[in-house]
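# An overview of the molecular structure
Below, each chain spelled out in residue letters.
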Amino acid sequence: MGEAMRPAENGTFDAVVIGAGFAGLYMLHRLRELGFRARVYEAGDGVGGTWYWNRYPGPRCDVESLQYSFSFSEELDQEWNWSEKYSPQPEILAYANHVADRFDLRGEIVFNTRVIATTFNEYDDTWLIETDRGDKVSARFCIMAVGCLSAPNRPAFEKMNDFRGPIYHTGEWPHDGVDFTGLRVGVIGTGSSAVQSIPIIAQQALQLTVFQRTATWSVPAWNERLSAESLKEAKAHYPELRAKARARPTGFYFPFNTEPALQASADERAQQYETAWQRGGLPFLGSYGDLLFDKSANDTIAEFARQKIHSIVKDPTTAELLCPRNVFGCKRLCVDTNYFETYNLPHVKLVDVSDTPIERFIRDGIVVGGTEYIVDAVVSATGFAAMTGSYDKIKITGRGGRTLAEKWRAGPRAYLGLASEGFPNLFMITGPGSPSVLASMIQAIEQHVDWLADCVGHMRDVGASSIEPMLADEDAWVAHVNDVSTVSLRSTCSSWYVGANIPGRPRVFMPYIGGFPVYVQKCNEVMNSAYNGFVLKGACSINAPPRMRFTERWQVPLDIEVISPAAVAAKRVPVV
Ligand code: FAD
Ligand code: NAP
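Because the structure is a prediction, the values reported are computed rather than measured.

The alternating pattern of strand S2 (residues 38-41) places Ala38 and Val40 on one face and Arg39 and Tyr41 on the opposite face, and all of these are buried. Here four bridges tie strand S1 (residues 12-18) to S2, and the two strands are oriented parallel to one another. Following the sheet pairing, Ala15 is matched in S2 by Ala38. With respect to chirality, the unit in which S1 leads through helix H1 (residues 22-33) into the neighbouring parallel S2 is right-handed. Alignment of S2 against strand S3 (residues 109-110), held across two bridges, turns out to be parallel. Looking at S3, one finds that Tyr41 is bridged to Val110.

A few words now on the state of the cysteines. Taken as a whole and judged by the stated rule, the model has one disulfide. Here Cys330 engages in a disulfide with Cys493; their sulfurs sit 2.4 Å apart. Negative torsions about the S-S bond denote left-handed disulfides, and the value of about -115 degrees found for Cys330 with Cys493 makes this one left-handed. Residue Cys330 is located in the loop between helix H10 (316-322) and strand S11 (334-336), and its partner Cys493 is located in the loop between helix H15 (471-487) and helix H16 (516-528); the two are separated by 163 residues in the primary sequence. For the residue pair Cys330 and Cys493, the accessibility class agrees, reading buried in each case. Among the cysteines around Cys148, which has no disulfide bond, Cys523 carries the closest sulfur, lying 15 Å off. Given the relative accessible area of 5%, Cys148 is considered buried.

Counted by the stated rule, this structure contains 30 salt bridges. A salt bridge links Asp299 to Lys295, with the shortest nitrogen-to-oxygen separation between them at 2.6 Å. Note that Asp299 and Lys295 are positioned in helix H9 (residues 295-312) at a spacing of four residues, about one turn of the helix. Of the residues examined, Lys295 reaches a relative accessible area of 42% and is grouped as partly exposed. When salt bridges that share partners are traced, they join Arg399, Arg402, Lys407, Glu421, Glu468 and Glu474 into one network.

Our focus in this paragraph is the site of ligand 2. Taken together, 23 residues surround ligand 2, and among them Arg60, Ser193, Arg213, Thr214 and Lys331 come closest. One of the backbone N or O atoms of Arg60 is found 2.8 Å from a nitrogen atom in ligand 2. Interatomic distance of 3.4 Å between a backbone N/O atom of Gly191 and an oxygen atom of ligand 2. Contact with the protein chains covers 88% of the free accessible surface of ligand 2, which is 910 Å². Within the shell around ligand 2, the residues separate by chemical class into nine nonpolar, nine polar and five charged.

The next thing to look at is the side chain of Ser390. Structurally, the position occupied by Ser390 is in helix H12 (residues 389-392). Its relative accessible area of 12% is what places Ser390 among the buried residues. A polar side-chain atom of Ser390 sits 2.7 Å from a polar atom in the side chain of Ser150.

Relative to the elements of secondary structure, Glu108 occurs in the loop between helix H4 (89-102) and S3. Along the backbone, Glu108 and Arg32 are 76 residues apart, and their C-alpha atoms lie at a distance of 9.6 Å. A polar contact of 2.7 Å, which involves the side chain of Glu108, links it to the side chain of Arg32.

Taken together, 32 residues lie around ligand 1, and Glu42, Thr50, Asp62, Tyr68 and Met441 are the ones closest in. Between an oxygen atom of ligand 1 and a main-chain N or O atom of Val63, the distance comes to 3.4 Å. In the environment of ligand 1, an oxygen atom lies 2.5 Å from a nitrogen or oxygen atom belonging to the side chain of Tyr68. When ligand 1 sits alone it has 980 Å² of accessible area, and the protein chains cover 95% of it. Breaking the shell around ligand 1 down by element, the ones donating at least two residues are H1, helix H2 (50-53) and helix H14 (441-462). Looking at the shell around ligand 1 residue by residue, the class counts come to 20 nonpolar, nine polar and three charged.

Put simply, the second largest pocket is a space of about 490 Å³. Lining the second largest pocket are 24 residues, with Glu64, Leu66, Gln67, Leu241 and Tyr253 positioned closest to its centre. If you tally residues by element for the lining of the second largest pocket, the top one is helix H7 (residues 238-246), at three residues. Class assignment of the residues belonging to the lining of the second largest pocket gives a composition of twelve nonpolar, four polar and eight charged.

The strand order across the open sheet built from three strands is S13-S14-S15, with neighbouring strands paired in antiparallel fashion. Every other strand in the sheet has two partners, leaving strand S13 (358-362) and strand S15 (371-374) as the edge strands with one partner each. Within this sheet the neighbouring strands show an average axis-to-axis angle of 25 degrees, counted without direction.

Running from amino to carboxyl end, H14 crosses H16 at an angle of 5 degrees, the nearest separation of the two axes being 11 Å. By the criterion of interaxial angle, the relationship of H14 to H16 is roughly parallel. For the pair formed by H14 and H16, the contact residues are Gln443, Ala444, Gln447, His448, Trp451 and Asp454 on the first element and Phe516, Tyr519, Val520, Cys523, Val526 and Met527 on the second. Grouping the amino acids of the contact of H14 with H16 by side-chain chemistry returns eight nonpolar, three polar and one charged.

Burial runs high along S1: five of the seven residues are buried. In this structure, S1 lies alongside strand S6 (residues 136-144), joined through six bridges in parallel fashion. Paired with Ile18 across the two strands is Met144, which belongs to S6.

To continue, consider empty space enclosed by the protein. Tallied over the entire structure, the rule returns eight cavities of 30 Å³ or more. Space inside the largest cavity adds up to approximately 80 Å³. Every residue along the wall of the largest cavity is listed here: Pro412, Arg413, Ala414, Pro432, Gly433, Val478, Val481, Asn482, Val508, Phe509 and Met510. Here the residues of the lining of the largest cavity are counted per class, giving eight nonpolar, two polar and one charged. Approximately 50 Å³ is the volume attributed to the second largest cavity. Forming the boundary of the second largest cavity are Ala215, Thr216, Trp217, Asn326, Gly329, Lys331, Arg332, Leu333 and Cys334.

Criteria and cut-off values
- Residues numbered from 1 in each chain as written.
- Chains lettered and ligands numbered in written order.
- Predicted model: local features only at pLDDT ≥ 70, side-chain atom pairs only at ≥ 80, totals over all residues.
- Heavy atoms only, no water.
- Buried < 20%, exposed > 50% of the residue type's maximum accessible area, 1.4 Å probe, protein only.
- Helix = DSSP H or I, 4+ residues; strand = E, 2+ residues; numbered from the N terminus.
- Pairing = 2+ DSSP bridges.
- Right-handed = clockwise from strand over helix to strand, strands pointing away.
- Disulfide = S-S within 2.5 Å.
- Salt bridge = Lys/Arg side-chain N within 4 Å of Asp/Glu carboxyl O.
- Near = heavy atom within 4 Å.
- Polar contact = N/O pair within 3.5 Å; in protein donor to acceptor, adjacent residues only side chain to side chain.
- Areas by Shrake-Rupley, 256 points an atom, 1.4 Å probe, with all protein chains shown as cover.
- Nonpolar A, V, L, I, M, F, W, Y, C, P; charged D, E, K, R; others polar.
- 1 Å grid on protein atoms, 1.4 Å probe; cavity = no way out; pocket = protein on both sides within 12 Å on 5 of 7 lines; lining within 4 Å.
- Points joined across faces, edges and corners; volume = space filled by probe spheres on them.
- Axes fitted to C-alpha atoms, helices over the stretch in contact; angles between N-to-C directions.
- Parallel < 35°, antiparallel > 145°, perpendicular 65-115°, else oblique.
- Contact = heavy atoms within 4.5 Å.

Structure, rendered in C-alpha cells:
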C-alpha cells in the first residue's frame, strides 16, 4: 500500500490505528484475531517506528534484546535469534519487519500517510479520520499508536539558515546514511542519542565538537555478541524469563538489591557499585533499593559514577565538565560504549553551553560566548517533544467540539493513560499516565494492546457503541500519577519526563512511576469490574463479565522479592 500515487480512501472500518511501530503492529495483530476490520496509517514508508526513523550512527536498545522484544508468541521467541546483548537498529528494524511478515500485517497498513485530523461524530459514536493524502475514513475506534518519542525537538537557534552545511536530527536520519569522513562535525546534545552516536562519529570525523548543556549520567553497556550456546540456554527458559519480567517494576528482569544504600558501609557500597558497574547498563540503578527516593543514598552512587568519569577522562577539566551535578538517574540513564573514552581523542572537543547557551549559527559554524566553532555539519541530538508531541500534531476533536489540545493545555489528562474523558472510543497505547517510558516499552505496549483488545471485544459482545472514562475517575488517576511522582527524586529535575526539555511546555510528570505491576493490577481490576471508571453506552447486557481473551498473561502477582507490600503502601516502589 506504499504506492506514490494511490487514490484517496473513503472507507469504513471497525478501527483505525495511527502508527506502525511496535504498538501499531501488535494492535493490528490483535484486531485481526478478533475479526475486526482495521486500517493502519503510517507516516513513514515502512514499519518499525522508532527503529525506522532513528538511523543515526550507533542506535541500539538499552534493554537487553532478549527482553526488548515481543513476548506474546513463544514461537516468535524461539525462532528469532538476536545477535548481540543490545542489538543494533538495523536488526531491531529487521525484527519489526519480520513480525509484520510473519503475522501477515502489511495488507492493512497504508504507508507514507500522515493522519492530520480525527473528529468524533456524536450521532453514531464513530471517528472521522483524515490524512495528508486526502483519505477520509470512519471507524468506531481510533487508536493512537503514535509513540512517546516520535516528534523530534528542533530548537530554533538564531541564524540557523545562515549555516551552509547540513543539519541532521538523530530522530529523522537519512536512510542511506551520512559519511562524516574528513568533516568537522558539531553535535548538539548529550542525551542517549548523542551518547550512542558521538563515539562512532568521532571515528569518522576530522574534528568533533560536542555542545553540552547538561552533563549526562552514563553507564557502560559492555555489549557483546550472543553465542549460540547462550541463546540456546536463554531460549530454554524463555517463558520463565518473560513471566519474571512482567512482575518487575520496570517490566524487565534484572538482579535488584532492595537494601537501602546507607545501611551498608562505605566499603560494601564501593564493592556493590563496582560489581554493578562491571555488569553495566540500566541495572546499575538497581544497586540499592532507595537510590531514587533518598537524596543521601543517591549522592553515594553519584559520587561513585563521578569518580569513574574522572578515572576514564584524562584531561581533568574536561572530566569535571562531564560530571553531572544532578540526581543520578533523574533523567533517563544513558548506556554507552566508549562515550567518556571518546573525549580522550585529540580531535574531540567539549563545549559547555549550560551557562552560556548557543548564541547563533554562522555560515560555517556555531557561536558560543563570542567564540566561533567551525563545523561542516551539525548533528542535532536534541531529543523529542516526549509523550504528547505526536498527539499535538493531529487535530483531535472530541465530544462537543472540544479538542484534545485544549483539554491538555495544562498537561495531559488520561484515565490509566488509555483514554481521555470527552473523547469516547479514542484509545492511547502507552499514553501519558501509564508506565510507558519507565518500563521496557514493548512490554508496556503489549499490556496496553491486550487490555484494549479485550475491551473492544467485550464492547462487541455486549453491543456497546462507545466507551469513555468518567471525569471523577480520570481526575483521581491523574492526581495519583502526580502524587506518586513526588515520591521519586525523578520529579526533581528538568527532564523530558516533565516536559522541561522544551520551553513553554507545561511541567507535569507524564509517565506513571508507581511500577509496572502495580499499574497492571489496576488495569486488571478495572477490567474485572466490567470497566469501572468508564461509561459504556448502548450495552444491552451491561453486567456481563468481560471475556478475558488476551489479558490472562498479565494477571501476575507483584514480585514481592522486589516490591514488598509495605513498600507499595509507603509508595516506595523501586523504579528504573
Ligand atoms: P514508535 O516506534 O515511535 O512508532 C510510532 C509511529 O507512529 C511512527 O512510525 C510514526 O511515524 C507514526 N506516527 C506518528 N504520528 C503519526 C501520524 N499523525 N500519522 C501517521 N503516522 C504517525 N524503549 C525501550 O524500552 N528500550 C529501549 O532500548 C529503547 N531504545 C530507544 C532508542 C531510541 C533511539 C529511541 C528514540 C527510543 C527508544 N525506546 C526504547 C523507546 C521506543 O520509542 C519504544 O521502545 C518503542 O519502539 C515505541 O514503539 P511505538 O510503536 O509505541 O512508537
Ligand atoms: P534527550 O535525552 O532529550 O537529549 C537531548 C539533548 O539535547 C540533551 O542533552 C539536551 O540538553 C540537549 N538539548 C536540547 N535542546 C538544547 C538546546 N536548545 N541547546 C543545547 N542543548 C540542547 O534526547 P535523546 O538523546 O534523543 O533521547 C531521548 C530518549 O530516547 C532517551 O531518554 C531514551 O529514552 C530514548 N533513547 C534510547 C536510546 C538507547 O540507548 N536505547 C538511545 C536514544 C534514545 P538538556 O539535558 O539540558 O535538556
